[in-house]
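Residue-level structure breakdown
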Amino acid sequence: MSKEYAILPCNGLDKCAGCTARELAIKLAEETESEIICPVFYRVADARYNKLANEKPLLVIDGCASRCASRLAAEKGLKIAKKINISEEAKNAGIVLKTDSLRLGETEKLLVENLADALVTEANAAEQTQEADFFPKQLSYDVYQKDKFIFRIPKEAAFFFNENDVWVYVSGGKARIGVTDYVQQSLSDIMFFTAPNVGSELSQFDEVGSLESGKAVFEIVSPVSGTITKVNEDLLNEPERINQNPYEQGWIAEIELEDFEEDKELLYDFNGYFPIMKRKVDEFHV
Amino acid sequence: MADTGIGAVRMQIGVISCSGEEILGGTLTRMATRKVMEELRPGQAISLCLPLFIAGGEEERNFARDYPVISVDACERNCAKKSIEKYSGQVREFIILTDFLERDVIFSKTVSMKELTKEHYRMADKIAEEICKKIDAIAAGQ
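Residues numbered from 1 in each chain as written. Chains lettered and ligands numbered in written order. Predicted model: local features only at pLDDT ≥ 70, side-chain atom pairs only at ≥ 80, totals over all residues.

A few points about the overall build of chain A
- Within chain A one finds 11 helices and 15 strands.
- Buried residues in chain A amount to 42% of all 286 residues.
- Across chain A, contacts joining residues at least 24 apart in sequence account for 65% of those joining residues at least 6 apart. (Helix = DSSP H or I, 4+ residues; strand = E, 2+ residues; numbered from the N terminus. Buried ≥ 20, exposed ≤ 12 C-beta atoms within 10 Å, placed from the backbone. Contact = placed C-beta atoms within 7 Å.)

Structure, rendered in structure tokens:
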């Protein structure tokens, strides 16, 4: 589950549990980038929420045993990512919800706080796991050595390279890019990293930031087209991470791919790039 | 029928509010209905839960068939009024916030209870007054 939910609360005005469900939904929407599906309006107007319910993981919050929100999700054929029942959660926490008023008391507010904290923590952990799963924890390299200098190339099949010595790792519709060992060895100690803007759209071979060392400025040429979703901000203060390992801690940016199948036609895989890099190393005295 | 405790028997009247999450107006109808039920006309005003009503809640639907109902909608979508008409018959009276509150406020983003301002509570009080007028009018003609 990502940090963003589509939240379908019961929104009931019959019991305090329904009011608590509503408050939890709003709190989550305020603290994450989640959006709420109004259970009443959803029945009246499908189109307004169908896209949202299918795009984001669905969190269903029922108030009581009537489970109106779950029933609505079932009627609409929605896939539920997570389900919460306020009455059951209260029971598990040893809390007795009000029965004489719909107004939320301190106990109900505390329950909302605790449930919201747990959900946000869980969502963040899931996001980090998802993040870690996107890129391999360990890479295997093939190495070319010239004098004392070592040039590594990752052997994983999901790595591709352009002639400008920029790599891209592709997983689904997402990619991570960076420069190869040839670039960092050629530049020597990298002192400045100019990052691309998150959200900017780029075509294949557009500039996607630059690196500067005492020797030269290197313009990073994007191997793929798409939209920048993330930048390795650690590099802004520690550009030397690229010298340490340009494939792991020295990655440059992440991109939501536009059309990788088309981009791939102008890229090399490991077998294609390795001889190119060897030739460059042999011709260039680091 | 509920006993008022002063010798008279008052007619129970259902109040069903849109309570929508889409706009702030839904929250205001929710607050007003709660105030009428708990403070202004306790025992006489019976709130009907709209999500439960449209999900097939038999008790809610039967009540709406047997007793007069006032719908309280935030906007012209009239989710509450239309739902009653679809499943239980005509509403006796209806309220739409756009008739007497600023549209900008009604259509603004919904907020959690802790973000509600004094102005929001004042508006909810105004809506509650309107609901009470309808309740009293229905009761007077009973």
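Some details on the overall build of chain B
- A tally of helices and strands in chain B yields 6 helices and 6 strands.
- Reading chain B from its N end, one meets helices and strands in the order β-β-β-α-β-α-α-β-α-β-α-α.
- For chain B, the residues scored as buried account for 46% of the 142 residues in total.
- The contacts in chain B between residues at least 6 apart in sequence include a share of 67% that link residues at least 24 apart.

A word on the confidence of the model for chain B
Residue and element names in this part refer to chain B.
- Put simply, chain B has an average pLDDT of 90, and 93% of its residues get 70 or more.
- Here residues 1-7 scores under 50 on pLDDT; set against residues more than four positions off or in separate chains, the count is 10 contacts.
- Our summary of model confidence lists the complex with pTM equal to 0.64 and ipTM equal to 0.82. (pLDDT = per-residue confidence, 0-100.)

Structural notes on the pairing of strand E8 (residues 166-171) of chain A
All names here are of chain A.
- Counting buried residues along E8, 5 of its 6 residues qualify, which places the element largely inside the surrounding structure.
- Here 3 bridges tie strand E7 (residues 159-161) to E8, and the two strands are oriented antiparallel to one another. From the neighbouring strand, Phe 161 faces E8, where its bridge partner is Trp 167.
- Counting the residues between successive antiparallel strands, the hairpin from E8 to strand E9 (residues 174-179) contains 2 residues, one of them, Gly 172, with a positive phi of roughly 60 degrees. (Pairing = 2+ DSSP bridges.)

Concerning helix H1 (residues 16-31) of chain A
- In a regular helix each residue adds 1.5 Å, so 16 residues correspond to 22 Å; H1(A) covers 22 Å between its end C-alpha atoms and thus fits that length.
- Summarising burial for H1(A): 14 of the 16 residues are buried, a large majority. (Expected span 1.5 Å × (residues − 1).)

Quick word on the sheet that holds strand E1 (residues 6-9) of chain A
All names here are of chain A.
- As summarised here, the arrangement of the 4 strands in space is E2-E1-E3-E4, forming an open sheet in which the pairing is parallel. In this open sheet, the two edge strands, each paired with only one partner strand, are strand E2 (35-36) and strand E4 (80-85).
- As paired elements, strand E3 (residues 58-62) and E4 share 5 bridges and run parallel to each other. Residue pairing across strands places Asp 62 opposite Asn 85, the latter belonging to E4.
- The strands touched by H1 within the sheet are E1, E2 and E3, with E1 carrying the most contacts at an inclination of about 165 degrees. (Axes fitted to C-alpha atoms, helices over the stretch in contact; angles between N-to-C directions.)

Some words on the interface of chain A and chain B
- Taken together, the contact between chain A and chain B spans 25 residues of the former and 24 residues of the latter.
- Those elements giving two or more residues to the side of chain A that touches chain B turn out to be H1, helix H2 (39-44) and helix H4 (68-75) of chain A.
- Of the residues that constitute the side of chain A that touches chain B, the class distribution is 13 nonpolar, 5 polar and 7 charged. (Nonpolar A, V, L, I, M, F, W, Y, C, P; charged D, E, K, R; others polar.)

With respect to the sheet that holds strand E10 (residues 190-194) of chain A
All names here are of chain A.
- With respect to topology, 3 strands assemble into an open sheet ordered E10-E12-E13, the strand pairing being antiparallel. At either end of the open sheet lies a strand with only one pairing partner, and these are E10 and strand E13 (217-221). Across the sheet, the mean angle from the axis of one strand to that of its neighbour is 20 degrees, orientation sign disregarded.
- In the sheet, strand E12 (residues 207-213) pairs with E13 via 4 bridges, with the strands oriented antiparallel. Looking at the pairing, Ser 210 lines up with Glu 219 of E13.

With respect to the confidence of the model for chain A
- The pLDDT averaged across chain A works out to 90; a share of 96% of its residues lies at or above 70.
- At the level of individual helices and strands, chain A shows its lowest average pLDDT in helix H6 (residues 106-134) of chain A, which scores 81, and its highest in E7(A), which scores 97.

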